[in-house]
Amino acid sequence: MEKNCCKYSKTTFRTKEESVKMIHRLNRIEGQVKGIKKMVESGAYCTDVLVQVCAVSKALNAFSKQLLSTHIKNCVVNDIKNGNEQTVEELVDVVKKFIN
């Protein structure tokens, strides 16, 4: 279901299943970040912390790739079909952020 929020001018419809999968992945990533925080607080060895940071980075990267793929296949395609070609510029801007 779409929800309007004062913070976001656009919304995306996601099925319950899609939302649950995304939230599950984000919860795992959040748990990893909390684990890193505890490692730092307890004085864990730098390379051990860095290995976990790398794992979180890869997990976020995988999440981002999946979200980008879904966005292109659904949001961008639908907007183009409906004559909203501004979405292509938005996509280009987002991809530039990934590259830089």
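About the thresholds
Residues numbered from 1 in each chain as written. Predicted model: local features only at pLDDT ≥ 70, side-chain atom pairs only at ≥ 80, totals over all residues. Heavy atoms only, no water. Helix = DSSP H or I, 4+ residues; strand = E, 2+ residues; numbered from the N terminus. Rg over C-alpha atoms; globule rule 2.2 N^0.38 Å. Buried < 20%, exposed > 50% of the residue type's maximum accessible area, 1.4 Å probe, protein only. Contact = heavy atoms within 4.5 Å. Areas by Shrake-Rupley, 256 points an atom, 1.4 Å probe, with all protein chains shown as cover. Patch = residues over 30% accessible without salt bridge, like charges linked within 9 Å, V, L, I, M, F, W, Y side chains within 5 Å. Salt bridge = Lys/Arg side-chain N within 4 Å of Asp/Glu carboxyl O.

(A) Representation of the overall build of the protein chain within the structure. The helix and strand inventory of the protein chain stands at three helices and zero strands. Ordered by position in the sequence, the α and β elements of the protein chain form the string α-α-α. For 100 residues, the compact-globule estimate of 2.2 N^0.38 gives 13 Å, and the protein chain exceeds it by more than 25% at 17 Å. When burial is assessed residue by residue, the protein chain has 11% of its 100 residues classed as buried. In the protein chain, the proportion of contacts linking residues at least 24 apart, taken out of those at least 6 apart, comes to 43%. When the accessible surface of the protein chain is split by element, carbon and sulfur atoms take 58% of a total near 8,300 Å².

(B) Seen up close, a nonpolar patch on the surface. Where nonpolar side chains cluster on the molecular surface, the patch consists of Val94, Val95, Phe98 and Ile99 and spans about 350 Å² of accessible area. In this fold, Val95 is placed in helix H3 (residues 86-99).

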